[in-house]
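Residue-level structural notes
Read off the chains here:
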Number of protein chains: 2
Amino acid sequence: MAEYILARENGRVIPKEDKNFGISNRAKAAIREYGKDAVVNSTIGTLNDDSGDLIVLESVHKVFQTLGPKDYAEYAPIGGTPAFKEAAKKAAFKNNVPEGFIEVVATPGGTGSLRNAISNYTIYGDKVLTTDWHWAPYKTIASEIGRKIEVFELFNAERKFNIDAFKASVNDILAQQESIVVILNTPAHNPTGYSLTPTDWDNVIAALTESAQTGKAIALVVDVAYMDFAGDEDEYRQFIPKLSTLPENVLPIIAYSGSKTFTLYGTRCGAMICIAKTQAIADEFKRVCEFSSRGSWSNNAKVGQVILEKIFDDEELLASVSKERAYYRDMLLARGRAFSEEAAKVGLEIVPFDAGFFVSVPCDNPEEVAAKLEKENVFLVPLAKGLRISVASIPEAACRKLPAMIKAAL
Amino acid sequence: MAEYILARENGRVIPKEDKNFGISNRAKAAIREYGKDAVVNSTIGTLNDDSGDLIVLESVHKVFQTLGPKDYAEYAPIGGTPAFKEAAKKAAFKNNVPEGFIEVVATPGGTGSLRNAISNYTIYGDKVLTTDWHWAPYKTIASEIGRKIEVFELFNAERKFNIDAFKASVNDILAQQESIVVILNTPAHNPTGYSLTPTDWDNVIAALTESAQTGKAIALVVDVAYMDFAGDEDEYRQFIPKLSTLPENVLPIIAYSGSKTFTLYGTRCGAMICIAKTQAIADEFKRVCEFSSRGSWSNNAKVGQVILEKIFDDEELLASVSKERAYYRDMLLARGRAFSEEAAKVGLEIVPFDAGFFVSVPCDNPEEVAAKLEKENVFLVPLAKGLRISVASIPEAACRKLPAMIKAAL
């Protein structure tokens, strides 16, 4: 690690090079040398077709082609356009509208929502709680504003959601600080593909209800980036109305992203949506989060907002977008099933998997195993506790082939 | 000011309502009631035509219409696409390329550049220096990450750039902390329209060279948002090569924005560009600023990046964009001249003005004067030290009419 010359470290651990960037570059080089068919590039976080090309919904692109100058060139209001806010609520809730006071603040993807939630519901130096298996940028987001990520074990010995660890960690942190932000990435968790079950959710809500008796503020951020690629869209939203049963000092915040659902990754179209028990708490949410936006990126890019407005303003269009997404979701679900079936056949242990873009394989020496696989032109991302395979970016045939190769490399 | 319920104040002063939003809403209501011609809405920060409509360069919109799905839907790399980085350098420097090691990090507008510069070249609790007349969000940006804005008087008694105040403030802050970020908004400063002269720049560089003898790090952020609306584009970039003469521990950072230059406001297309004395300092800049981006908004929206790529990849297109902008710049400059001529005629004192979107009038009771003018259907923004008039958003005729009305209201 180089020493700092003019910049200040500020408690962050800033790598010399982005690890994933290096892997991804080596994968691209291998494709150039050996051809597409000889390489499995399972590092990518977008849904790609069987040739490895990014899927963009045609119905969404048709909307893009109708846009006029003001649709992208004009500043959006800091918190988002009014019609976008309505669209974001519909997109996030569908038929599972929660009771409570709802406010929406547009953000650049899920990242912006997480950043604003941490900035407003913790203080400098605080701990932020998430699962041991987690999307690595959570740590970057927290440390960029002087907070630390603390983790609890996602699974217990029975390979079930570890509610005891969750409860203990929440209470432990709340004993040390005046408020807490808890991040749960579900359904179709990145990187394991796990989805909290209805019982898991009941347990989480009971635990937080108990912890709330301290009177301290608890912000429960649910990162739903992959929600529309888990299975039936309404079934996987059944947890949302449950959030309304939380006590007043627990604030559920949905970190909503249009990246995957509408294939709008590069437009940075997201929103943070609160489900508050009182109007005052919802107003406060809007006010403080808009302030954070103003002070970080100002207004959010408009083009994605207008695309969502237009989709939700036209039932027929919405139906065609949903239908197109369902087609690709089925493709993705088949890939995930292929991987887990083959893993079972060859006796490869995987982390409890439900659905989504990623599958994880636990192992003790991830870097080493990943390097070994690279020699066979298989590229995947080594994490702290194992390997992350993106089934979103490789064809079903590769999903069938990989488990045996990984098993052999272990 | 409401007390905080669940959110944490974190040293910020978060207003109950955005002041400008209120004024702007009252202006819109007045237009609905009395008609466009009876209302002067001089609150808007975008370049509008004489009917008050946003100007979007037609040549830019033609590029937008050629975009394919990947041009907006794909994630851009965290630091920006390689071709965008080249385009941003060309756009920022034109024929005034500085010597040194240049690195570019894409950011959501100037806001993102300022945020990242402050986050990386100061520590929590530090002071950030800018001018007493300044764009209000500087304070929001600094306070959102626990820094404070300190100001020096932009003008001395002779109505010239106050180099003595500048020097004293830099040295005073450097005596208290290990590094400093200095923000200068020039040319065509928001909100006064002042542009640092070549002599001002020589003085600033001499002062910082002296302050640098402390060995402490100085990040000099030049916010050039309005650079292409000041006058001749190369003449107003002559300060850039001068920045190369600064010593190693002074890092010039250009906060570049495509918002005004390419009428891409809502795409959040900007970049921070460093002019470093060593490769190591430039590498560090890229590394720490990309980390900050990753932890704040992740990758930056792609659509604006691709539009700039395409414009700078086609000389003919670039020429037509420049020509179109020159036409609107002349329109804007004429408005500014009209305002200052009339001000001189009626004896209205204005803050030293050169060019750009805004003119400022100093006064002791800005809120009161603004309220008085609202009764005559004139809407402008009261600042701490006076009134800000956006000549960018009103026709030349209104610019001629306003000075006498303001004079009368004072």
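These numbers come from a predicted model, not from an experiment.

1. Describing the interface of chain B and chain A
Listed per partner, the contact involves 78 residues of chain B and 79 residues of chain A. For the chain B and chain A pair, buried surface summed over both sides reaches about 6600 Å², with 62% attributable to carbon and sulfur atoms. When the buried surface of chain B facing chain A is broken down by residue, B:Leu6, B:Tyr72 and B:Phe291 rank first, second and third, together holding 13% of it. For the pair chain B and chain A, the number of links is four salt bridges.

2. Quick notes on the packing of helix α5 (residues 109-121) of chain A against helix α11 (residues 279-294) of chain A
Residues and elements named next belong to chain A. Where α5 contacts α11, the axes come no closer than 9 Å and their chain directions differ by 115°. Handedness of the α5/α11 crossing: right-handed. Only Phe285, Val288, Cys289, Ser292 and Ser293 of α11 make contact with α5, whose side of the interface consists of Arg115, Asn116, Ser119, Asn120 and Tyr121. Of the residues assigned to the contact of α5 with α11, the class counts are four nonpolar, five polar and one charged.

3. Some details on the nonpolar core
Looking at soluble globular proteins, one finds that nonpolar side chains tend to be buried together. A:Phe166, A:Phe339, B:Phe166 and B:Phe339 are the most contacted members of the largest nonpolar core, which has 221 residues in total. Considering every element that reaches this core, the biggest residue donor is helix α13 (residues 315-346) of chain B, with nine residues. If we skip the residues at most four places from it in the chain, B:Phe339 touches B:Leu348, B:Ile350, B:Val359, B:Val361, B:Ile389, B:Val391, B:Cys399, B:Leu402, B:Pro403 and B:Ile406. Residues A:Ala217, A:Leu251, B:Leu114 and B:Cys274 belong to the second largest nonpolar core, which totals 63 residues.

4. Focus on the pairing of strand β9 (residues 358-362) of chain A
Residues and elements named next belong to chain A. Most of β9 sits inside the fold, with four of its five residues counted as buried. By the bridge criterion, five bridges tie β9 to strand β12 (residues 386-390) in an arrangement that is antiparallel. The residue bridging phenylalanine 358 from the neighbouring strand is serine 390, located in β12.

5. Observations regarding the state of the cysteines
All names here are of chain A. Inspection of every chain in the model, using the stated rule, returns zero disulfides over all chains. Cysteine 289 supplies the cysteine sulfur nearest to cysteine 274, a cysteine that is in no disulfide, at a spacing of 8.0 Å. We classify cysteine 274 as buried; its relative accessible area is 0%.

6. Examining the sheet that holds strand β12 (residues 386-390) of chain B
Residues and elements named next belong to chain B. In space, the three strands of this open sheet follow the order β9-β12-β11, with antiparallel pairing throughout. In this open sheet, the two edge strands, each paired with only one partner strand, are β9 (358-362) and β11 (381-382). Both β11 and β12 contribute to a ladder of two bridges, which runs antiparallel. Residue proline 382 lies in a different strand from β12, and its bridge partner there is leucine 387.

7. With respect to the packing of aromatic side chains
All names here are of chain A. Summed over the entire model, instances satisfying the criterion amount to 30 aromatic pairs over all chains. Taken together, a centroid distance of 5.5 Å and an interplanar angle of 70° make the contact between phenylalanine 229 and phenylalanine 357 edge-to-face. Within this pair, whereas phenylalanine 229 is found in the loop between β6 (217-223) and α9 (239-242), its partner phenylalanine 357 is found in the loop between α13 (315-346) and β9, the two being separated by 128 residues in sequence. With respect to class, phenylalanine 229 is no different from phenylalanine 357; both count as buried.

8. Some details on the pattern of salt bridges
Residue and element names in this part refer to chain B. Applying the stated criterion to the full structure yields 44 salt bridges over all chains. Between arginine 335 and aspartate 50 there is a salt bridge; the shortest N-O distance is 2.8 Å. Taken together, the positions of arginine 335 in helix α13 and aspartate 50 in the loop between β1 (40-41) and α2 (58-64) put the pair 285 residues apart, joining distant regions of the chain. A residue is classified by how much of its surface remains accessible, and arginine 335, at 0% relative accessible area, is buried. By relative accessible area, aspartate 50 is classed as partly exposed at 49%.

9. A word on the side chain of B:Ser360
Residues and elements named next belong to chain B. Within the secondary structure, serine 360 is located in strand β9. Within the structure, the side chain of serine 360 is placed 2.7 Å from the backbone oxygen of proline 191, a separation counted as a polar contact. Setting aside its immediate chain neighbours within four residues, serine 360 contacts Trp133, Pro191, Thr192, Ile350, Val351, Leu383, Leu387 and Arg388.

10. So, a negative patch on the surface
Residue and element names in this part refer to chain A. Side chains of Asp313, Asp314, Glu315 and Glu316 sit close together on the surface and give a patch of like negative charge. Here glutamate 316 shows up in helix α13. The exposure class assigned to glutamate 316 is exposed, which follows from its relative accessible area of 69%.

11. A short note on the relation of the copies chain B and chain A
By a simple turn and slide, chain B fits onto chain A: the slide is 0.0 Å along the axis, the RMSD is 0.0 Å, and the turn is 180°. Viewed as a symmetry operation, the transformation between the two copies matches a two-fold axis. Interface overlap between copies is the fraction of interface residues in one copy that are interface residues in the other; for chain B against chain A it reaches 100%, indicating a shared surface.

12. Some words on the sheet that holds strand β8 (residues 270-276) of chain B
All names here are of chain B. Overall, mixed pairing links the seven strands, which are arranged β2-β8-β7-β6-β5-β3-β4 in an open sheet. In this open sheet, the two strands that pair with only one neighbour each are β2 (101-107) and β4 (148-152). Sheet twist, expressed as the mean angle between neighbouring strand axes with direction ignored, is 25°. For strand β3 (residues 127-131) and β4, the ladder comprises five bridges, and the chain directions are parallel. Within β4, the position partnered with lysine 127 by the bridge is lysine 148. Packing against the sheet, helix α4 (residues 82-93) makes contact with β2, β7 (250-257) and β8, and its axis sits at approximately 75° to β8. Of the strands in this sheet, β2, β3, β5 (179-185), β6 (217-223), β7 and β8 touch helix α5 (residues 109-121), which is tilted by about 160° from β5.

13. Brief notes about unusual backbone geometry
Note that the residue after A:Asn190, namely A:Pro191, is joined by a cis bond; omega there is 20°. A cis amide bond links B:Thr186 to the next residue, B:Pro187, at an omega of -10°. For B:Pro187, the location among the structural elements is in the loop between β5 and α8 (198-211). For A:Lys94, which is not a glycine, the phi torsion comes out positive at approximately 50°.

14. Things to note about the confidence of the model for chain A
Summing up the model confidence of chain A, the mean pLDDT is 97 and the portion of residues at 70 or higher is 100%. Both scores are available for the predicted complex, with the pTM at 0.97 and the ipTM at 0.97.

15. Description of α5(B)
Over its 13 residues, α5(B) runs 19 Å from end to end, which matches the ideal 18 Å to within 8%, given 1.5 Å per residue. Taken across its 13 residues, α5(B) has 13 buried, putting it largely inside the fold.

16. Digging into the side chain of A:Ser143
Here A:Ser143 lies in helix α6 (residues 137-144). A residue is classified by how much of its surface remains accessible, and A:Ser143, at 13% relative accessible area, is buried. Ignoring anything within four residues of it in the chain, the contact list for A:Ser143 reads A:Asn10, A:Arg12 and B:Phe291.

17. Focus: the environment of B:Lys302
As for its position among the elements, B:Lys302 is in helix α12 (residues 302-312). Discounting residues that sit within four places of it in the chain, B:Lys302 has contacts with A:Gly266, B:Lys70, B:Asp71, B:Tyr72, B:Glu74, B:Tyr75, B:Ala76 and B:Thr81.

18. Some details on the pairing of strand β8 (residues 270-276) of chain A
Residue and element names in this part refer to chain A. Along β8, seven of the seven residues are buried, which leaves the element largely enclosed by surrounding structure. Taking every second residue as pointing to the same face, both faces of β8 are buried, with Gly270, Met272, Cys274 and Ala276 on one and Ala271, Ile273 and Ile275 on the other. As paired strands, strand β2 (residues 101-107) and β8 are joined by seven bridges and run antiparallel to one another. Bridged to alanine 106 within β8 is alanine 271. When strand β7 (residues 250-257) meets β8, the two strands line up antiparallel, connected through five bridges.

19. Observations concerning α13(B)
Residue and element names in this part refer to chain B. The end-to-end C-alpha distance of α13, which contains 32 residues, comes to 46 Å, matching closely the 46 Å that a straight helix rising 1.5 Å per residue would cover. Between a side-chain oxygen at the N-terminus of α13 and the backbone nitrogen of glutamate 316 the separation is 3.1 Å; the capping residue is aspartate 314. One or two residues past the end of α13 sits glycine 347, with phi positive at roughly 75°.

Each value, and the rule that gives it
Residues numbered from 1 in each chain as written. Chains lettered and ligands numbered in written order. Predicted model: local features only at pLDDT ≥ 70, side-chain atom pairs only at ≥ 80, totals over all residues. Heavy atoms only, no water. Contact = heavy atoms within 4.5 Å. Buried area = accessible area lost by both parts, 1.4 Å probe. Salt bridge = Lys/Arg side-chain N within 4 Å of Asp/Glu carboxyl O. Axes fitted to C-alpha atoms, helices over the stretch in contact; angles between N-to-C directions. Helix = DSSP H or I, 4+ residues; strand = E, 2+ residues; numbered from the N terminus. Left-handed = near helix turned anticlockwise from the far one by under 90°. Nonpolar A, V, L, I, M, F, W, Y, C, P; charged D, E, K, R; others polar. Core = buried A, V, L, I, M, F, W, Y, C linked by side-chain atoms within 4.5 Å. Buried < 20%, exposed > 50% of the residue type's maximum accessible area, 1.4 Å probe, protein only. Pairing = 2+ DSSP bridges. Disulfide = S-S within 2.5 Å. Phe/Tyr/Trp six-rings, centres within 6.5 Å; stacked < 30°, edge-to-face > 60°. Polar contact = N/O pair within 3.5 Å; in protein donor to acceptor, adjacent residues only side chain to side chain. Patch = residues over 30% accessible without salt bridge, like charges linked within 9 Å, V, L, I, M, F, W, Y side chains within 5 Å. Areas by Shrake-Rupley, 256 points an atom, 1.4 Å probe, with all protein chains shown as cover. Lys, Arg positive; Asp, Glu negative; His and termini not counted. Charge placed at Lys NZ, Arg CZ, Asp CG, Glu CD. Least-squares fit on C-alpha atoms with pLDDT ≥ 70 in both. pLDDT = per-residue confidence, 0-100. Expected span 1.5 Å × (residues − 1).

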